[in-house]
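The lines below spell out each chain.
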Amino acid sequence: MSFPLSLEFFPPKTPEGAEKLRAVRSKLYALAPDFCSVTFGAGGSTQDGTLDTVREIVGEGQHGVPHLSCIGQTEASIRQRLATYREAGVKRIVALRGDLPSGYGMGGEFRYASDLIAFIRAETGDHFKLAVAAYPEYHPQARSPEADIDAFAAKVRAGADVGITQYFFNADAYFRFVDELRRRGIDTPIVPGIMPITNSTQLLRFSDSCGAEVPRWIRLRLQAFGDDAAAIKDFGADVVAALCERLRAGGAPSLHFYTLNQSVGTLELCRRMGR
């Protein structure tokens, strides 16, 4: 059964990593993704790697979509980056506030993602389709759930076209988030971010650092498997495939897979969903 999906990668740090990612992408392209996004490091630390990877993806006949974060950036640096992306044939951007490397102050000429979005619209009009981050379980730095909804609404008013969520494992959180936006008259499509479960230690570490909630029953089951990698992958695929099916049945417009530069987890999830 066909359904819309997109994929996310991070820029490789070594020639070996770049070669491995090419092989991963070639396998995942069989899923016919709408686009492939590439992350942008804290303070723009991977911006050249982001551009190189996006150019490769475009050269492979896919829609390459760079992440662009604004903290620590200037209007001039963002303007140059936008010009470079246009020249590379980029039509979409994931526009984010982003984080500075540890030890730095806020810096730069942008404070919020909504400032970046407004600047991109002022500079380039409707050339780029702009995706922004959404947080069904609310951003860990938000003062309140209401303030987090306000922040998303500000991004929409500034010109955002679509939201892509932080990953989550509780479908109700997603549906409540979308319902709250609709009550405010915000009909922007909200695409669920999906994290395959293939490594419990890695998943729990990521989740603790970014504020994504791993439900207690999932956490305990993963811990009970210990070092049984096959059992973890099988359980993880069951849990996340069921989540994806519920999201699709509930009207999610697409699914965005956080691949972690691996193919196995995403391919298995899509296989279980009949893709």
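Source: prediction; values computed, not measured. (Residues numbered from 1 in each chain as written. Predicted model: local features only at pLDDT ≥ 70, side-chain atom pairs only at ≥ 80, totals over all residues. Heavy atoms only, no water.)

It is at 9 Å that the axes of helix H8 (residues 216–225) and helix H9 (residues 229–249) come closest, and there the two elements cross at 160°. It follows that H8 is roughly antiparallel to H9 by the angle criterion. Handedness of the H8/H9 crossing: right-handed. Where H8 approaches H9, its residues Trp217, Ile218, Arg221, Leu222 and Phe225 are matched on the opposing element by Ala231, Ile232, Phe235 and Val239. Partitioning the contact of H8 with H9 into residue classes produces eight nonpolar, no polar and one charged. (Axes fitted to C-alpha atoms, helices over the stretch in contact; angles between N-to-C directions. Helix = DSSP H or I, 4+ residues; strand = E, 2+ residues; numbered from the N terminus. Parallel < 35°, antiparallel > 145°, perpendicular 65-115°, else oblique. Left-handed = near helix turned anticlockwise from the far one by under 90°. Contact = heavy atoms within 4.5 Å. Nonpolar A, V, L, I, M, F, W, Y, C, P; charged D, E, K, R; others polar.)

Before going further, it helps to examine the side chain of Ser263. Relative to the helices and strands, Ser263 is located in the loop between strand S8 (255–258) and helix H10 (264–272). Judged by relative accessible area, which is 7%, Ser263 ranks as buried. Those residues within four positions of Ser263 in sequence are excluded, and the remaining contacts are Val24, Lys27 and Leu28. (Buried < 20%, exposed > 50% of the residue type's maximum accessible area, 1.4 Å probe, protein only.)

Take the pattern of salt bridges next. Applying the stated criterion across every chain yields a total of 17 salt bridges. A salt bridge links Glu19 to Arg22; the shortest N-O distance between them is 2.8 Å. A residue pair is termed a helical-turn pair when its members lie 3 or 4 positions apart in one helix, as Glu19 and Arg22 do in helix H1 (residues 15–28) at three residues. Classification of Arg22 as partly exposed rests on a relative accessible area of 30%. Between Glu245 and Arg248 there is a salt bridge, and its shortest N-O distance comes to 3.1 Å. Separated by three residues within a single helix, Glu245 and Arg248 lie in helix H9, roughly one turn from each other. For Glu245, a relative accessible area of 34% translates into the label partly exposed. In the salt-bridge network here, residues are joined through shared partners; they are Glu19, Arg22, Arg25, Glu56 and Glu60. (Salt bridge = Lys/Arg side-chain N within 4 Å of Asp/Glu carboxyl O.)

Let's shift gears to empty space enclosed by the protein. Within this structure, the stated rule accounts for two cavities of 30 Å³ or more. Reported here for the largest cavity is a volume of approximately 60 Å³. When its residues are assigned to classes, the lining of the largest cavity shows seven nonpolar, two polar and one charged. Lining the second largest cavity are Met195, Pro196, Ile197, Thr198, Asn199, Gln202, Leu203, Phe206 and Leu260. Taken together, the residues of the lining of the second largest cavity sort by class into six nonpolar, three polar and no charged. (1 Å grid on protein atoms, 1.4 Å probe; cavity = no way out; pocket = protein on both sides within 12 Å on 5 of 7 lines; lining within 4 Å. Points joined across faces, edges and corners; volume = space filled by probe spheres on them.)

As a further point, take unusual backbone geometry. Even without being a glycine, Leu260 presents a positive backbone phi close to 55°. Tracing the chain through its elements places Leu260 in the loop between S8 and H10. Taking relative accessible area as the criterion, Leu260 reaches 24% and is therefore assigned partly exposed. Residue Asn261 is not a glycine yet carries a positive backbone phi of 60°. For Asn261, the position within the fold is in the loop between S8 and H10.

Purely geometric stuff here, so don't read any function into it on its own.
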